[in-house]
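Residue-level structure breakdown
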2 protein chains.
Amino acid sequence: MAVTLADVAREVGVSTAAASMVLSGRYRGRVSEPRADAIRQAADRLNYVRNELALGLRTAQSDTIGFITQQVASTPYATTLIAAATETARAYGHLLIVIETDGDPDAADAAIRDLSSHQVRGVAYASMYHRRVRVPRHAGDGLIILDGYTEDPHICALVPDEVQGAHDAVAHLVTLGHRRVAFLNDCDSVDAAPLRRRGVEMALAEAGLALLPSCTRTVNTRAYAEMKQATRDILTQPDRPTAFFCYNDSTAIVVAQVAAELGLKIPDDLSLVGFDNFTTLIEFSVPSLTTVQLPHADMARWTITSLVTGTPPADGPAPDPGTARYRFPCPLIVRGTTAPPPA
Amino acid sequence: MAVTLADVAREVGVSTAAASMVLSGRYRGRVSEPRADAIRQAADRLNYVRNELALGLRTAQSDTIGFITQQVASTPYATTLIAAATETARAYGHLLIVIETDGDPDAADAAIRDLSSHQVRGVAYASMYHRRVRVPRHAGDGLIILDGYTEDPHICALVPDEVQGAHDAVAHLVTLGHRRVAFLNDCDSVDAAPLRRRGVEMALAEAGLALLPSCTRTVNTRAYAEMKQATRDILTQPDRPTAFFCYNDSTAIVVAQVAAELGLKIPDDLSLVGFDNFTTLIEFSVPSLTTVQLPHADMARWTITSLVTGTPPADGPAPDPGTARYRFPCPLIVRGTTAPPPA
DNA sequence: CTGAAAGCGCTTACAG
DNA sequence: CTGAAAGCGCTTACAG
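Residues numbered from 1 in each chain as written. Chains lettered and ligands numbered in written order. Predicted model: local features only at pLDDT ≥ 70, side-chain atom pairs only at ≥ 80, totals over all residues. Heavy atoms only, no water.

**Details of the packing of aromatic side chains**
To describe a pair of aromatic rings, you give the distance between the ring centres and the angle between the ring planes. Residue and element names in this part refer to chain A. Throughout the structure, instances matching the rule amount to ten aromatic pairs over all chains. Ring geometry for Y77 against F278: centres 6.4 Å apart, planes inclined by 55°, an arrangement best described as tilted. Here Y77 is found in helix α5 (residues 77–91), whereas its partner F278 is found in the loop between β9 (271–273) and α11 (279–282), with 201 residues between them in sequence. For Y77, a relative accessible area of 15% translates into the label buried. A ring pair is formed by W302 and F328, whose centres lie 6.0 Å apart and whose planes are at 85°; its orientation type is edge-to-face. Note that W302 is positioned in helix α12 (residues 296–309) and F328 in strand β11 (residues 325–328), a separation of 26 residues in sequence. Given a relative accessible area of 3%, W302 falls into the buried group. Three or more aromatic residues joined by ring pairs form one cluster here, namely F183, F245 and F275. The ring of Y129 carries R131 above its face, with NZ or CZ at 5.1 Å from the centroid. The positively charged end of R196 is found above the aromatic ring belonging to Y247, 4.5 Å away from the centroid. (Phe/Tyr/Trp six-rings, centres within 6.5 Å; stacked < 30°, edge-to-face > 60°. Helix = DSSP H or I, 4+ residues; strand = E, 2+ residues; numbered from the N terminus. Buried < 20%, exposed > 50% of the residue type's maximum accessible area, 1.4 Å probe, protein only. Lys NZ or Arg CZ within 6 Å of the ring centre and 35° of its normal.)

Pasting the structure below:
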């Protein structure tokens, strides 16, 4: 049906070997230039497309990368991850095979099996939030964990630098002159929440300040009423904080709602910083939310590049000493919700 | 490196032909039962995984489906589409190769080429909103357009039934007793917006009502201020509408904000219906938004099933007469923002 | 019931 | 510089 290398060779009257070499570009000094031209033209004319399956079989490796994701459906970051990954793969002439496991460990094991039967060059194993994951069986060494890590520190794993992100957010507030900074943290996050708290405390300590118990709460950031109540408690006390740093953007949106109910203007009366840079949500925040960017796109690009080239990209962060764990910076994005405290 | 069929055959002392038949399940009456057992056990013991590249080369078809998407990154529906597609593919023992074109026609052409060089069984071409698309070059016949359509009515194309969705939303309001229903439509949507308007008018006409000019506006639903102003205009007129149907959920959220500013309680003073069922946003609506579900998951499942089996699933909608165009129902999801009008 | 052989489309030593 | 041949791992007629 499709045009094969033999068709092209026959058309020109050369061997398939010559055609193969020319079309894959490795013919210098092995095929004369006029012949090479003729072969290229014939391939063009016949609309030849190389059969990647045959190539893969021959070379025991295909130009595909596996991308296993735990929960595409329910999370907004999956799109960023997949978009950056497919784009990078394409830039390297590779294709991305995406499998969603929905968090089922057996499905992950099966996915590894399916992918290896397709001779993928490597597998990105994407968690949907920063956490410890179990490595699927028979994963082999071409595996990179995206937005997560595992026990074995020598398994390549990429996570956001939560401490730095939270630190920079609060440092920004301190620099603006805030002295009483509130922090609304998440109660379910095992990994990110304590790290962000550490970042908050570090930034405050650098200014000789402390995180006041009256100014911090750990809540379920998916429980609307609970968040509202916690925010109201913090904002209605005497000597209320003049700035709020929130575990994520949706929490920040709720804080903004409560502030509005209390007649507090943002950023004049209260400064507000979120985390995630979840744009869909931020579009509805007026003024636009100052927040910390999660480095999903960076991590995805790094992962695919590393898998394709076989070596960690030089332009990324250095690994934690003695490990294959990489922390990716979370840049602060200053928008409209932060300002100096009221006089 | 990897265990091959020959390894398994050698282990048992049979031909690769026998092993192949047994392991692919088509050996009845061709290999004796004890031998078949021995082969299966050996395959298990050696952890044999079939090389799908070799199979694909041999059979000139692989167990992969191509999924081309225009704008994964910027749209919330991509996740639903991809999640449903990978899940369905897996249920049929197939893998999904995802390519993002970012709306670039050349990239789409290249994607078709890359996919066909991988011998995919078919290609889903997913638009990110209901609109007319250009079919990529050399697409062949194993192509299904998801959430879009093209000139040629014989090219398989799936779209949401916008008329029915909008109709059911407004019929719901009318049934609750509303007589003055406002409609905020989108100005950029070439396909969906007119269809939704038709649905609105149909539902009103069925109750002997009409869409009043004073109760409808066509706005840029991504321009926050414009939406707010239009909503305020409509809600502050004498004889204001008692219900609002919006082009999408984000518009509805803005209407809710304006209603709150005007001291209107939802749903007691004003009923509100959105469109999309964009859950990430709806989580922040209190009470929870009544809306119309976009059938992305249904369409994705239908597409993959059709591509794998080679025939349109019987349990889906019938095509528009004389075409290969399918309209998928958009179910109304009644939640907390609709109630009878105030007395 | 069973095995030897051909061939899918490619690339890579090898011999000229 | 050039071509004939082998072989990647599989399945499918074919002959016994």
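**Things to note about the protein's contact with DNA strand D**
Neighbouring DNA strand D are 23 residues; R30(A), L5(B), S20(B), Y48(B) and R58(B) lie closest to it. Counting only the atoms of DNA strand D within 4 Å of the protein, the fraction contributed by sugar and phosphate is 66%. R35(A) places a polar side-chain atom, nitrogen or oxygen, 3.1 Å from a phosphate oxygen of DNA strand D. Between DNA strand D and R58(A), the relevant distance is 3.2 Å, taken from a base nitrogen to a side-chain nitrogen or oxygen of the residue. (Near = heavy atom within 4 Å. Polar contact = N/O pair within 3.5 Å; in protein donor to acceptor, adjacent residues only side chain to side chain.)

**Some details on the relation of the copies chain B and chain A**
Overlaying chain B with chain A gives an RMSD of 0.0 Å, the required rotation being 180° about an axis along which the chain moves by 0.0 Å. The superposition of one copy onto the other is thereby described by a two-fold rotation axis. When C-alpha distances to the rotation axis are compared across chain B, the minimum falls at I97(B), with a value of 2.2 Å. (Least-squares fit on C-alpha atoms with pLDDT ≥ 70 in both.)

**Some details on the domain arrangement of chain A**
When the domains of chain A are assigned, the result is domain 1 (5–50), domain 2 (64–160 + 298–312) and domain 3 (162–294). On a C-alpha basis, the centres of domain 1 of chain A and domain 2 of chain A stand 37 Å from each other. (Domains from an automatic or database assignment.)

**Overview of the nonpolar core**
Among the nonpolar cores identified, the biggest contains 56 residues, and F67(A), L96(A), L158(A), F67(B), L96(B) and L158(B) are the most heavily contacted of them. The contacts of L96(B), once residues within four sequence positions are left out, are L96(A), I97(A), V98(A), I65(B), F67(B), I82(B), A85(B), T86(B), A89(B) and I304(B). Counting residues in hydrophobic clusters, the runner-up holds 52 residues, among them A182(A), V219(A), I253(A) and F284(A). (Core = buried A, V, L, I, M, F, W, Y, C linked by side-chain atoms within 4.5 Å. Contact = heavy atoms within 4.5 Å.)

**Re the packing of helix α2 (residues 16–23) of chain A against helix α3 (residues 33–46) of chain A**
Residues and elements named next belong to chain A. In contact at an axis separation of 9 Å, α2 and α3 are set at 85° when each is read in the N-to-C sense. Overall, the two elements α2 and α3 adopt an arrangement that is roughly perpendicular. Mapping the contact onto sequence places A18, A19, V22 and L23 in α2 and A36, I39, R40 and A43 in α3. Its residues placed into classes, the contact of α2 with α3 shows seven nonpolar, no polar and one charged. (Axes fitted to C-alpha atoms, helices over the stretch in contact; angles between N-to-C directions. Parallel < 35°, antiparallel > 145°, perpendicular 65-115°, else oblique. Nonpolar A, V, L, I, M, F, W, Y, C, P; charged D, E, K, R; others polar.)

**A short note on the interface of chain B and chain A**
Residue-level contacts link 45 residues of chain B with 46 residues of chain A. Both sides together, the interface formed by chain B and chain A hides about 4,100 Å², and carbon and sulfur atoms give 70% of it. Its largest share of buried area at the contact with chain A, chain B owes to L53(B), H118(B) and F284(B), together 18% of the area lost on that side. Counting the contacts that link chain B with chain A gives zero salt bridges. Across the contact surface, chain B and chain A share six residue pairs in polar contact (both at pLDDT 80 or more). Its residues assigned to classes, the side of chain B that touches chain A comprises 22 nonpolar, 16 polar and seven charged. (Buried area = accessible area lost by both parts, 1.4 Å probe. Salt bridge = Lys/Arg side-chain N within 4 Å of Asp/Glu carboxyl O.)

**Considerations on unusual backbone geometry**
Excluding glycine, a negative phi dihedral is what most residues carry, and trans is how most peptide bonds are arranged. Going from I266(A) to P267(A), the amide bond is cis rather than trans, its omega being 5°. Topologically, P267(A) is positioned in the loop between α10 (249–261) and β9. Even without being glycine, D276(B) reaches a positive phi, approximately 125°. Mapped onto the elements of the fold, D276(B) is located in the loop between β9 (271–273) and α11 (279–282). Its relative accessible area of 10% is what places D276(B) among the buried residues. In the Ramachandran plot, N277(B) falls in the positive-phi region, its phi being about 50° despite a non-glycine side chain.

**Section: the sheet that holds β9(A)**
All names here are of chain A. Sheet architecture is open: four strands sit in the order β7-β6-β8-β9, paired in parallel fashion. The sheet terminates laterally at β7 (216–219) and β9, the two strands that pair on one side only. In this sheet, adjacent strand axes meet at a mean angle of 15° when their direction is disregarded. Where strand β6 (residues 181–186) and strand β8 (residues 243–246) come together, four bridges link them in parallel fashion. Residue pairing in the sheet places V181 in a bridge with A243 of β8. Strands in contact with helix α7 (residues 162–176) are β6, β8 and β9; relative to β8, the strand with the most contacts, it is inclined by about 170°. Against the sheet, α10 contacts β6, β8 and β9, and its axis sits at roughly 150° relative to β8. (Pairing = 2+ DSSP bridges.)

**Brief notes about helix α3 (residues 33–46) of chain B**
All names here are of chain B. The end-to-end C-alpha distance of α3 is 20 Å, a good match for the 20 Å that 14 residues give at a rise of 1.5 Å each. All buried positions along α3 are accounted for by A36, I39, A42 and A43. Angularly, the buried residues of α3 cover 130° about the axis, an arc narrow enough to put them on a single face. Exposed residues lying more than 90 degrees from the buried face of α3 are P34, Q41, D44 and R45. Taken together, the buried residues of α3 touch α1 (5–12) and α2 (16–23). Positive phi shows up at N47, right after α3, with a value of about 60°. (Expected span 1.5 Å × (residues − 1). Arc of directions from axis to C-beta.)

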